Every structure is written in C-alpha cells, then in structure tokens.
Amino acid sequence: MDIKQLKFLIALDETRHFGQAAARCHITQPTLSMRLRNLEQELGLELVRRGQRFEGFSAEGERILAWARSLMAAHDGLYAEAAACRGQLVGTLRLGVVPLAGFDPMRLVHLFAQEHPGLRFQLFALSSEQILERLGSNQLDLGLSYLDRLDREHFDSLELAPTRMGLLYDRRHFQFTQATLRWESLVELPLGLLSAGMHFRQSIDHSFRSRGLTPLPRLETDAVHQLLQAVSAGLCCSIMPLHNGLAEFTEHLTLTPIEDAHTLAPLGLILRRSAPRSALADACFAEARALINA
C-alpha cells in the first residue's frame, strides 16, 4: 500500500466518477482502476461497488475511506508541520463556507495569501452541519459557519460581526429610492431565495413570519450563483447579507439594507480543538483573530 492509493480512493469519493477521479489525480482511468483493485486485493476487501459506472462504496469501503482520510490528513499535516518548523507555511488550506455567509471569505483568503505566498486554497460551499462534520473528520481545516449548534468542547470559534441583511437588485430592472427598506415592502416583490430549510433562509422566514407576512418566492435554489444570475436577469430581487462582496460583481447590482434584519445565529470562524490539527489551521486562525480584532 502507498499513499497514492489512498489519494485515488478519496478522489473517487469526492468526484463519484472514475474518469473525473483519474483526471484529478493526473492518471488514466485504467491506471486508477488497477491501483484501486490492487488496494482491494491487499486488504482482502471489496471497497468499490462497480457496474457500468461507479455505484458507490461498500460498507467496508466506507470504513476504509474514513481511515484513508485520516491518513492523508496526517500525511499532509506532517509536511506542513515540517515546513512550519522551517519558518514556512505551505500546503492547501481547506475552508468550508455556508452559503450567503455575512462575511466575505475572500477577505480571509486574501489575507492568508498575502502573508503566505506558498499557500493554496480549497473552498467548499457546505451546510453548517456538513462543515462541523468535516471539521470533525479532518476533511476541513477551518469553517465559516453559524455558531448556534457549536460543541464548544470540541471546537474553537472566533465570532464575527453580526450578519445584517439587505435587498439585492439590479438597477436596470428595479428602482428603490429609500435608504432602508421594510419587510412589509418586500412581501409583494418577486423574490429569489435560498431553498427552504437552509440556515440563512430560516432567518428570512422568521423575519417575515414574526410580522405576520407570507411571501411567495418566484425562485428558490440552493446555489448562490443561480440567485445572482436571476437577479441580474431581472427575474427577481434577493435577500442577501450586507458586506459579503456579492453586490460588487457587476456595476448594476445594489444592496439596500432592510430595517431590523439580521440572522438568528451569529457567524464565526471555527477550528477543531483535537489533534491532529494542521499548522496551517492554527496559523490562519490566529491571523484571522488579529484581522477581526484590528
């Protein structure tokens, strides 16, 4: 067994496709399949369920996959730790971010990139539950998520500024003269919102319900880029966090604050307490604390 076989197994889990996993690992698909079969033979287990295409992992494969992730994290952490001992910070920082976070994650990425030119970054759009799960299993280094369900025994957190909301619209299709808007004025608008049940959407629904209002969204999606496309096309307006950088994508977008509009839970940067924890995570968490407290 070698570390590359574990890397191939993880790539297959993340892509759920043999060809895409092979491309990610810069090898041919037959080579990927052969190396995974070699791993199965060495362990005496069927890890991957195969048909004409990838059909998932066996129960044993899921258990082995969890170990593979831990070993890969330890492998990467070892090299990052060695670099840190030499006064360098290198490797890949894995950051999970909830959709429509009220803090622009690019502020953090830009800070880390300036301080450590050798860093690479992987950003994942995930639910708050997925972020905690992946932090706990060492699949993420840091998470930008809500803190209401945080287990303080197992996670450190840095609370960010409260998340306030505004109405995002395209000036070519909608015009509002008020400096701030009221929830009552939004209920009749064609709204595009995140899907029901998502954390940011829950705060929006609560704000409407607490005022006896029931909006009928024109569009619902779990993808932020689709909301931006719909707003730019004039199909709808959308309720977004203030100061998250989305209104700056085109010159036509405007984000107007809504009175008494904020999320139900505070947003924060989250770091796993237990080892193994990468030197990247520790250093970037400390730098983020300095940025926020500045």
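Up top is the structure.
Residues numbered from 1 in each chain as written. Predicted model: local features only at pLDDT ≥ 70, side-chain atom pairs only at ≥ 80, totals over all residues. Heavy atoms only, no water.

**Comments concerning the packing of helix α1 (residues 3-15) against helix α3 (residues 29-43)**
Here comes step 1: Across the interface, α1 lies against α3 with an axial gap of 10 Å and an inter-helix angle of 110 degrees. Classified by the angle their axes make, α1 and α3 are roughly perpendicular. Taken as a pair, α1 and α3 cross one another with a handedness that is left-handed. Where α1 abuts α3, its residues Lys4, Gln5, Phe8, Leu9 and Leu12 lie against Leu32, Arg35, Leu36, Asn38, Leu39 and Glu42.
Here comes step 2: Residue classes in the contact of α1 with α3 are distributed as six nonpolar, two polar and three charged. (Axes fitted to C-alpha atoms, helices over the stretch in contact; angles between N-to-C directions. Helix = DSSP H or I, 4+ residues; strand = E, 2+ residues; numbered from the N terminus. Parallel < 35°, antiparallel > 145°, perpendicular 65-115°, else oblique. Left-handed = near helix turned anticlockwise from the far one by under 90°. Contact = heavy atoms within 4.5 Å. Nonpolar A, V, L, I, M, F, W, Y, C, P; charged D, E, K, R; others polar.)

**A closer look at the environment of arginine 63**
Here comes step 1: With respect to the element layout, arginine 63 can be found in helix α4 (residues 59-85).
Here comes step 2: Placed 16 residues apart in sequence, arginine 63 and leucine 47 show a C-alpha to C-alpha distance of 9.1 Å.

**Things to note about the packing of aromatic side chains**
Here comes step 1: Under the definition given, this model contains four aromatic pairs.
Here comes step 2: Between tryptophan 183 and phenylalanine 208 the ring centres are 4.9 Å apart and the planes differ by 75 degrees, which places this aromatic pair in the edge-to-face class. In this pair, tryptophan 183 is assigned in the loop between β7 (164-170) and β8 (191-194) and phenylalanine 208 in helix α7 (residues 199-209), connecting sequence segments 25 residues apart.
Here comes step 3: Here tryptophan 183 falls in the buried class, since its relative accessible area comes to 1%.
Here comes step 4: For phenylalanine 208, a relative accessible area of 1% translates into the label buried.
Here comes step 5: Through pairs of rings, three or more aromatic residues link up here, namely Phe18, Phe54 and Phe57. (Phe/Tyr/Trp six-rings, centres within 6.5 Å; stacked < 30°, edge-to-face > 60°. Buried < 20%, exposed > 50% of the residue type's maximum accessible area, 1.4 Å probe, protein only.)

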